[in-house]
Structures are given as C-alpha cells and as structure tokens.
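Structure at a glance
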Protein chains: 4
Amino acid sequence: MKILVTGFDPFGGETVNPSWMAVEKLTDTVPGAEIIKRSLPVVWFKALDILGGYIEEIRPDVVVMCGQAGGADSMRIERVGINLCEAKIADNEGLHLVGDPILKDGPNAYFSNFPYRAMFAAVEEAGIAVKHSFSAGAYLCNHVLYGALHLAETKYPGMKAGFIHVPYLPEQTEAKPEGTPSMPLETIAKAIQIMVETIAKEA
Amino acid sequence: MKILVTGFDPFGGETVNPSWMAVEKLTDTVPGAEIIKRSLPVVWFKALDILGGYIEEIRPDVVVMCGQAGGADSMRIERVGINLCEAKIADNEGLHLVGDPILKDGPNAYFSNFPYRAMFAAVEEAGIAVKHSFSAGAYLCNHVLYGALHLAETKYPGMKAGFIHVPYLPEQTEAKPEGTPSMPLETIAKAIQIMVETIAKEA
Amino acid sequence: MKILVTGFDPFGGETVNPSWMAVEKLTDTVPGAEIIKRSLPVVWFKALDILGGYIEEIRPDVVVMCGQAGGADSMRIERVGINLCEAKIADNEGLHLVGDPILKDGPNAYFSNFPYRAMFAAVEEAGIAVKHSFSAGAYLCNHVLYGALHLAETKYPGMKAGFIHVPYLPEQTEAKPEGTPSMPLETIAKAIQIMVETIAKEA
Amino acid sequence: MKILVTGFDPFGGETVNPSWMAVEKLTDTVPGAEIIKRSLPVVWFKALDILGGYIEEIRPDVVVMCGQAGGADSMRIERVGINLCEAKIADNEGLHLVGDPILKDGPNAYFSNFPYRAMFAAVEEAGIAVKHSFSAGAYLCNHVLYGALHLAETKYPGMKAGFIHVPYLPEQTEAKPEGTPSMPLETIAKAIQIMVETIAKEA
C-alpha cells in the first residue's frame with residue numbers, strides 16, 4: 001500500500017508550519033505501507049494542482065493531508081471538506097478569496113473516507129489529545145481536502161483521503177495571548193505516525 | 001415578512017439555554033417583519049418534526065435557528081449544515097447517535113442562505129464579537145439547520161434559513177475551567193435582535 | 001468622596017487600550033462621589049511617578065486603576081500587587097525589565113484594599129463575567145497597583161486602592177488565534193461604572 | 001543533594017491528578033541528587049502539616065511541589081506564594097475558606113527561590129510549552145508553596161522551594177468545553193524530570 005502524506009508551507013506570518021515539520025519526521029515505511037511525503041504551498045488552486053500531480057504520479061491508496069490549526073487544543077481529524085474558499089487572510093501569493101466555490105457546480109461537501117474511528121482510537125490510546133472535527137475551515141486546508149475527495153470521487157475510485165489538523169508548537173505561542181494552546185513537535189509527529197500506521201492496518 | 005426564530009431547551013447538564021433566553025427577549029415586530037418565537041427540544045428528529053410543523057403552520061419567509069455553543073468566544077453565524085448525527089452525549093431522551101445520516105441519501109451538506117454578510121457587518125458595527133463559522137457541529141444545532149435548509153430546497157422554495165450559535169452565559173462558566181469564555185445575556189439578545197432587524201431589511 | 005480612576009495607553013502593538021476607552025466613558029459623578037479620570041503611560045517608573053503626582057494633587061479616597069489583560073475571559077478584580085518588574089516585552093519607551101524589584105527592600109506584596117467583594121457581587125448581579133484574580137502579572141498593571149498600595153501604606157493612610165483588568169475588545173481579536181475571548185466596550189464600561197458606584201457606597 | 005518532589009491527590013470532581021501521576025514517574029536519582037517523592041492531600045493546613053513532617057524527616061535541599069492547574073495551556077513555574085486561603089470549592093474534607101490568611105501576621109507573600117530561570121530554559125529547549133506564572137491561585141497549591149517558603153525562611157535556612165503547575169491530561173478534558181487545553185502525561189513527566197535534573201545541577 002502507498003500512503004501519500006502532505007504538510008503545508010508556513011503562512012499567516014509564521015516562520016514554521018508544524019504540519020510539514022511533523023510529516024518530515026515520519027518513517028519511510030510502516031508495516032504494510034510505503035510512506036511518501038510532500039509539502040504543499042499555501043496558494044489557492046496551485047496547492048490543488050500540485051497535489052493532483054503527486055496523486056497522478058504516485059497513485060497512492062490513501063492521501064493524508066496535514067495542516068496547522070492555530071488555536072487548536074488537540075490533534076483534529078477532519079471529517080468534512082466544503083465547496084468554499086473564504087478566509088480573513090490572503091494566500092501566500094496575495095490572493096484573498098471570500099465566498100468563491102472551489103469547484104463551480106461541485107457538490108456542497110465531501111466526507112472524509114479514511115479510517116477516522118480507528119485513527120482516533122489509536123491516538124487516544126496513546127494519551128494524546130485528539131478530536132473529531134466537522135470543519136477544516138474554508139482556507140487552504142479545506143481546499144485540498146475537498147479537492148482530494150473530489151478526485152477520489154471522479155478520477156481515482158477506491159482512493160481514500162482525509163485531513164489532520166495540528167496545534168501550534170509551543171514556540172509559536174510566545175507572542176500570542178495567554179491561553180493559546182500548543183503541542184510539542186515530538187507529540188504531533190508521534191500522533192501522525194500512529195495514525196499512518198493505523199491506516200496501513202485498516203484502510 | 002414573517003421571521004421564525006427558534007431557541008433550544010437546556011441540555012448537557014445545563015439548567016438554562018441562553019439561546020432560548022435570548023430569543024424570548026426579541027421584540028414581537030421589527031421594521032418590515034413580524035417575529036414568531038418558538039423553542040425546540042434537544043431530541044434527534046423530534047426537533048426537526050416540530051420545526052417542520054411550525055414552518056408548515058407559520059409559513060415564514062426566513063427561519064433563524066439559535067443554539068448554545070459552549071466554549072464559543074463570540075456570536076457565530078453558521079454557514080453550513082451537514083448530513084450527519086454525531087455527538088459525545090446523548091440527546092435529552094437518551095438517544096446517542098454516532099455517524100448516522102440525518103437523511104438517508106440526502107446531499108452531504110447545505111449552505112445557509114440567510115443574509116449572513118449583512119448580519120455579520122451589523123453585529124460587528126455594534127461592537128459585539130461575531131464570527132462566520134463553517135461548522136455547527138453534528139448535534140441538534142446542525143440537525144435542525146440541515147433539516148430546515150432541506151425543507152427550503154424541497155418543499156418551501158424561496159424560504160431562507162440559517163443558524164446562530166451563542167456563547168455560555170457568565171453564570172454557566174463558574175464551575176468550568178479558567179479561560180472558558182462567556183457573553184452577557186443582554187449582549188447575546190442585542191446581537192440576535194440586530195441580526196433579525198438586518199434580515200428584515202435584506203432578505 | 002473622591003475616586004481617582006485610571007486607564008492605560010495602548011501597548012504591545014495594539015492601537016487602542018480598552019481600559020482607558022472604558023474609563024473615559026464613566027460619568028463624572030456617582031451618588032456620593034466625584035470621579036476623576038486620568039490615563040497613564042505604559043512606561044516603568046514613569047507611570048508610577050505620574051500616578052503619584054495625581055494622588056498628591058487630587059487626594060483621592062480611593063484609587064481604581066484599570067488595564068488591559070489580553071486573553072482574559074472576564075472582568076478581573078486584582079487582589080495582589082507584587083514587588084517585581086518582569087515581562088516578555090519592553091515598555092513603550094523600550095526598557096525591558098526581567099526580575100527587577102519595583103522598590104528595593106519593599107515588602108514582597110500588598111493586598112488590594114478597595115471593597116472587592118461588594119464590587120464582585122454587583123458586577124455578577126448585572127450578568128457580566130467577573131473573577132477575582134491573584135495576579136496582575138508583573139508588567140505595568142502590577143507596577144502601579146503595588147506602587148499605589150505602597151503609597152497608601154506609607155504616605156496616605158486611609159487611602160484605598162485596587163486594580164481592574166479588562167478583556168480585549170472584539171476588534172482586537174480579529175488577527176488573534178481562534179478562541180481568544182473579548183468583551184464589548186459597552187459591557188466593560190458598564191462593569192467599571194457599577195464597580196465605581198459600589199465603591200462610593202461601600203468604601 | 002536531596003530533592004523532595006510532591007504531587008497532590010485528585011480534587012474538584014476529578015478522579016486523577018496528573019501532578020502526582022507525573023511525579024511518580026520520576027527516576028529515583030538524577031546526576032547529583034537523590035529524588036524523594038511524596039503525595040499530599042488536598043486539605044487546608046493538613047497538607048502543610050504533612051509537608052512539614054516530610055521536610056523535617058528528609059531534610060531536603062530543595063522542595064519542588066507540583067499540582068494541577070485545570071485550564072493551563074503549558075507547564076507553569078510558580079514564582080510567588082501569597083498569604084491567603086480562597087477558592088470557589090471546598091477542600092477534600094469539605095472545608096471552604098474564603099479570605100482567611102494561611103499564617104496570621106505572616107508576610108503577604110514569599111518569592112520562590114528554586115532556580116526558575118534555568119528550569120524554564122531547559123524545558124523550553126526541549127520543545128515543551130512552559131511559562132513563568134505570578135500566581136499559584138489561593139487554593140492548596142499556593143497554600144503549600146507559601147508554607148514551604150515560610151519554613152525555609154524561618155526554620156530551614158538555605159532550603160530552596162518552588163511550585164510547578166501542570167495542565168489537565170487529554171482524558172480529563174473530554175467532558176469540558178471546546179478549547180480546554182491539555183498535555184500528555186508523558187510530556188508532563190518529561191518536563192518535571194528535566195526541571196529536577198536542572199535543579200540538581202544549579203541549586
């Protein structure tokens with residue numbers, strides 16, 4: 001089995017993105033699967049084009065996309081991608097979208113179809129905070145989630161996909177308000193490793 | 001114009017639900033519209049049946065549903081309802097759903113179609129914290145949002161609908177962890193009043 | 001009775017400080033007391049010198065200092081000032097202190113002696129989130145609290161003093177992480193007004 | 001060198017206390033020091049009596065007390081203990097104190113004197129979220145901190161003492177509001193281990 005795992009570039013004034021830092025630390029194989037790691041730019045539609053290229057080249061059985069959710073208090077398993085581009089900030093090339101669809105005439109939403117319950121249980125068992133989430137926002141994280149699930153639906157039948165949101169690193173919260181949660185890189189990386197191993201067993 | 005505004009009963013161990021407390025305080029009319037106020041039970045499918053009955057009886061032009069979002073730091077305008085019943089807790093009659101669809105073979109999601117941008121702008125202008133939200137969860141709030149939008153799509157063309165989430169009241173946070181945000185009832189009620197007045201002007 | 005109420009200038013990259021904005025809105029008198037309002041600079045020792053000058057000039061019965069506590073989820077009544085200057089950021093003139101005493105050989109701490117229980121009860125009764133707090137930090141807010149209580153102890157016997165921390169305004173949280181709490185200016189101002197009226201009755 | 005490290009019993013409706021769970025996991029020795037681990041009851045004055053007994057028996061060079069700070073987003077190094085007993089909840093034997101001094105005619109506060117800057121730097125270096133805190137509250141954590149520092153001042157000259165607050169475990173936040181932060185037990189234990197090792201080098 002081949003599992004494509006992606007992380008994102010830094011954005012929104014941050015100099016690091018813990019999603020890609022954690023993905024880089026994944027082992028190259030897990031029992032039953034080869035892990036292929038790629039980073040994606042925080043740029044509307046370009047991220048999706050590049051992801052589509054990786055999928056066409058690699059033909060993964062499962063696509064696990066990872067991104068930073070500033071302010072999250074836990075690992076978050078995203079269950080839904082919606083057909084909407086809307087954010088308070090522009091992307092890394094300066095394009096600011098508010099209310100545009102990802103895909104004109106596309107369905108309103110797709111549900112993630114990677115084995116989210118088994119992934120959740122395995123991370124919880126390891127004592128790491130994890131939640132199901134019903135919104136990946138409407139910025140780049142949701143963008144690639146919706147896009148990958150649309151590709152699975154229309155072009156790569158049988159391919160599974162889903163999204164994992166990760167908290168800030170402790171060092172990212174220093175200049176942020178009291179009470180902004182974070183998670184050590186080591187813990188984030190361990191949680192993603194566990195989830196990928198679970199996918200290799202379950203998917 | 002007729003605007004049906006709903007709030008919910010208390011749930012999850014709370015003795016009050018600020019959504020219904022605030023809805024009760026709305027004026028009976030605003031310039032251009034009559035306001036009809038109803039409360040809904042926190043019970044899967046029954047809430048939707050009762051809401052459907054009110055809609056059939058009242059034939060509102062707009063349905064504004066309100067509910068409590070414990071832990072929210074602001075008023076939240078919900079933009080999407082998804083076809084999923086899933087929560088950590090049971091409903092008020094003890095039914096615990098995890099992963100069931102609201103409507104077998106229904107579309108994955110509906111987008112709210114009340115005038116959310118004008119509502120947002122009016123509340124922000126009044127100095128009250130407000131956010132667009134892309135998830136009403138997958139408990140009763142999402143349930144009635146999805147259900148009302150489905151009725152608008154299939155049975156009452158032209159009817160508009162959407163959902164407003166409100167924070168805890170200050171008194172609800174006393175036994176909760178440090179940092180749990182709240183909003184005075186007076187402020188919540190003012191924000192909903194402003195949103196309803198905006199709808200009467202815009203919808 | 002004369003009550004001196006102070007707020008602070010903006011600091012830490014903010015363009016407003018809700019403490020002074022709210023203090024400015026106070027009525028000029030309340031039953032039983034004249035209210036004198038002054039703003040203070042966010043500058044180590046200079047703030048204290050200026051405050052000392054106001055106290056000498058006005059001879060207030062009570063000094064109520066107000067300041068911004070970014071990330072606070074409620075109004076906070078500060079109960080203790082400590083003999084320490086320590087912050088992550090420099091003051092508005094660029095001086096960065098870490099570990100210095102406010103007063104060499106001063107006592108470690110002073111307890112606030114304004115009527116905090118009556119103030120708390122009155123704000124809670126009005127449905128506004130309020131907490132007792134046992135730390136005003138170790139930046140300028142603590143600085144003037146400790147300094148004013150030291151003046152009460154050593155130079156103006158009978159003078160009462162204490163500190164009130166206020167949350168961010170909603171507009172200050174827009175570029176901050178999800179979950180950053182705020183309070184409308186109107187609500188902050190109402191809470192301070194209630195507390196000052198209570199002091200006029202109780203002190 | 002002997003380092004006495006304490007944790008607390010569960011309280012406030014919790015069935016576990018991560019402070020004691022983490023302290024139990026400490027190694028029995030670190031380079032340069034023997035570690036002695038003890039748990040304390042969440043009972044006013046009794047906690048202090050028992051702690052005093054341990055100190056008399058063990059004659060530690062340093063006392064490191066640990067406790068749970070529900071809602072904390074990081075490890076917190078407490079810098080000040082104040083002469084006050086005040087909490088929203090009763091202790092584990094039902095005594096509810098509001099406004100009582102710990103020590104009649106004691107000084108208002110004591111500053112921690114363990115090597116907090118080196119401890120902070122070592123934990124931060126390990127990528128774990130850590131903050132200096134200027135309030136351990138006014139419940140049992142502050143109680144033993146103030147008490148131990150008073151003992152150091154009056155009875156055991158040269159003894160150093162300080163307090164470490166730890167977040168909830170992930171499993172404790174399940175029934176709490178969205179946004180309640182937590183930290184894996186493994187991470188908490190690692191942070192305390194690092195701090196104790198630092199003390200052995202520095203104190």
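Residues numbered from 1 in each chain as written. Chains lettered and ligands numbered in written order. Predicted model: local features only at pLDDT ≥ 70, side-chain atom pairs only at ≥ 80, totals over all residues. Heavy atoms only, no water.

**With respect to the overall build of chain A**
What counts here: A run of DSSP states H or I qualifies as a helix once it reaches four residues; a run of E qualifies as a strand once it reaches two. Both are numbered from the N-terminal end. Based on C-alpha atoms, the radius of gyration is set beside the globule rule, defined as 2.2 Å times the residue count to the power 0.38. For the exposure calls, accessible area comes from a 1.4 Å probe over protein chains only, and a residue counts as buried if that area is under 20% of its type's maximum, exposed if over 50%, partly exposed in between. Between two residues, a contact is recorded if the distance between any of their heavy atoms is within 4.5 Å. His is not counted, nor are the chain ends, whereas Lys and Arg count as positive and Asp and Glu as negative. By convention, the charge on Lys lies at NZ, on Arg at CZ, on Asp at CG and on Glu at CD.
Per the secondary structure count, chain A includes five helices and 11 strands. Relative to the compact-globule value of 17 Å for 203 residues, chain A shows a C-alpha radius of gyration of 16 Å, a close match. Dimensions of chain A along its principal axes, counting C-alpha atoms only, are 45 × 40 × 25 Å. Per-residue burial for chain A yields a buried fraction of 62% across its 203 residues. Counting contacts in chain A only where the partners sit at least 6 residues apart, residues at least 24 apart contribute 77% of the total. Charged side chains in chain A number 17 positive and 25 negative. The centres of these two groups are separated by 4 Å.

**Topic: the packing of aromatic side chains**
The geometry of an aromatic ring pair is captured by two quantities: the separation of the ring centres and the angle between the planes. Definition in use: Any Phe, Tyr or Trp ring, taking Trp's six-membered ring, that has another such ring centre within 6.5 Å forms a pair; planes under 30 degrees apart are called stacked, those over 60 apart edge-to-face, and the others tilted. Charges are assigned to positions over rings by a cutoff of 6 Å between ring centre and Lys NZ or Arg CZ, combined with an angular limit of 35 degrees from the ring normal.
Under the counting rule described, the total for this entry stands at 12 aromatic pairs over all chains. A centroid spacing of 5.6 Å and a plane angle of 50 degrees characterise the contact between Phe 11 of chain B and Tyr 139 of chain B, whose relative ring orientation is tilted. Of the two residues, Phe 11 of chain B is situated in the loop between strand S1 (2–8) and helix H1 (18–24) and Tyr 139 of chain B in the loop between strand S10 (130–133) and helix H4 (140–154); the sequence distance between them amounts to 128 residues. Seen in terms of ring centroids, Tyr 110 of chain D and Tyr 146 of chain D are 5.2 Å apart; in terms of plane orientation they differ by 50 degrees. Their pairing is tilted. Highlighted residues: Tyr 110 of chain D in strand S9 (residues 109–111) and Tyr 146 of chain D in helix H4 (residues 140–154), separated in sequence by 36 residues. Both residues of the pair, Tyr 110 of chain D and Tyr 146 of chain D, count as buried. Among the aromatic residues, those joined into a cluster by ring pairs are Phe 11, Trp 44 and Tyr 139 of chain A. Across from the ring centre of Tyr 54 of chain A, 5.3 Å away, lies the NZ or CZ of Arg 38 of chain A, which sits over that ring. It is Lys 176 of chain B that lies over the ring of Tyr 168 of chain B; its NZ or CZ is 4.3 Å from the centre.

**Topic: the relation of the copies chain D and chain A**
The line we're drawing: Least squares is used to superpose the copies, and the fit set is the C-alpha atoms of residues whose pLDDT is at least 70 in both copies.
For the match of chain D to chain A, the screw axis carries a shift of 0.0 Å, the RMSD comes to 0.0 Å, and the turn is 180 degrees. Expressed as a symmetry operation, the mapping of one chain copy onto the other fits a two-fold axis. The rotation axis passes nearest to the C-alpha of Pro 181 of chain D in chain D, at a distance of 2.9 Å. Residue by residue, 100% of the interface of chain D is reproduced at the interface of chain A, so both copies engage with the same surface.

**Section: the interface of chain A and chain B**
Just so we agree on the cut-off: Here's the idea: put two parts together, see how much 1.4 Å probe accessible area each one loses, and the total over both is what we call buried area. The term salt bridge refers to a pairing of a side-chain nitrogen on Lys or Arg with a carboxyl oxygen on Asp or Glu at a separation within 4 Å. Any pair of N or O atoms that falls within 3.5 Å is considered a polar contact. Within protein, one atom must be able to donate a hydrogen and the other to accept it, and sequence-neighbouring residues count only if both atoms are side-chain atoms.
Facing 20 residues of chain A, the contacting portion of chain B comprises 20 residues. On the chain A side of the interface with chain B, the three residues burying the most area are Asn 108, Phe 111 and Phe 134 of chain A, jointly 39% of the side's total. Taken together, chain A and chain B are joined by four salt bridges. A salt bridge links Arg 79 of chain A to Glu 86 of chain B, with the nearest nitrogen and oxygen atoms 2.8 Å apart. For the pair chain A and chain B, the number of links is six residue pairs in polar contact (both at pLDDT 80 or more). Elements supplying a minimum of two residues to the side of chain A that touches chain B: strand S6 (80–82), strand S8 (98–100), strand S9 (109–111) and strand S10 (130–133) of chain A. Top element by residues in the side of chain A that touches chain B is S9 of chain A. It accounts for three residues.

**Digging into the pattern of salt bridges**
Should the charged atoms of two oppositely charged side chains come close, the side chains can pair. Residues and elements named next belong to chain C. Summed over the entire model, instances satisfying the criterion amount to 44 salt bridges over all chains. Salt-bridge contacts for Lys 46 lead to Glu 93; the nearest nitrogen and oxygen are separated by 2.5 Å. Residue Lys 46 is located in helix H2 (residues 46–58), and its partner Glu 93 is located in the loop between strand S7 (85–86) and strand S8 (98–100); the two are separated by 47 residues in the primary sequence. For Lys 46, a relative accessible area of 36% puts it in the partly exposed group.

**Considerations on empty space enclosed by the protein**
For clarity, the cut-off: Only protein atoms enter the 1 Å grid, on which a cavity is a set of points fitting a 1.4 Å probe that cannot get out and a pocket is an open set with protein on both sides within 12 Å along at least 5 of 7 lines, lining residues being those with an atom within 4 Å of a point. Grid points are joined across faces, edges and corners, and a volume is the space filled by probe spheres set on the points. Amino acids are sorted into nonpolar (Ala, Val, Leu, Ile, Met, Phe, Trp, Tyr, Cys and Pro), charged (Asp, Glu, Lys and Arg) and polar (every other residue, Gly among them).
In total, this model carries four cavities of 30 Å³ or more according to the counting rule given. Here the largest cavity defines a volume of roughly 120 Å³. Around the largest cavity sit Pro 170, Glu 171, Thr 173 and Glu 174 of chain B, Ser 74, Phe 120, Glu 124, Ile 128, Ala 129, Val 130 and Lys 131 of chain C together with Lys 88 of chain D, which together line it. Only helix H3 (116–125) and strand S10 (130–133) of chain C provide two or more residues apiece to the lining of the largest cavity. Across the lining of the largest cavity, the residue classes break down as five nonpolar, two polar and five charged. The wall of the second largest cavity is formed by Ala 126, Ile 128, Glu 186, Thr 187 and Lys 190 of chain B together with Ile 128, Pro 184, Glu 186, Thr 187 and Lys 190 of chain C.

**Re the sheet that holds strand S10 (residues 130–133) of chain D**
All names here are of chain D. Definition in use: Paired strands are those between which DSSP finds at least two bridges. Orientation is described by axes fitted as lines to C-alpha atoms, over the contacting stretch for helices, and by angles from 0 to 180 degrees between their N-to-C directions.
Strand order across the open sheet formed by seven strands is S2-S3-S1-S4-S11-S5-S10, with mixed pairing between neighbours. The open sheet is flanked by strand S2 (29–30) and S10, the only strands paired with a single partner. The pairing of strand S4 (residues 62–68) with strand S11 (residues 160–166) spans seven bridges and is classified as parallel. When the bridges of S11 are listed, Cys 66 appears paired with Ile 164. On the sheet, helix H2 (residues 46–58) packs against strand S1 (2–8), strand S3 (33–40) and S4 and is oriented at approximately 155 degrees with respect to S3. Set on the sheet, helix H3 (residues 116–125) makes contact with strand S5 (75–78), S10 and S11; between it and S10 the angle comes to about 155 degrees.

Remember that the coordinates give geometry; whether it matters functionally is a separate question.
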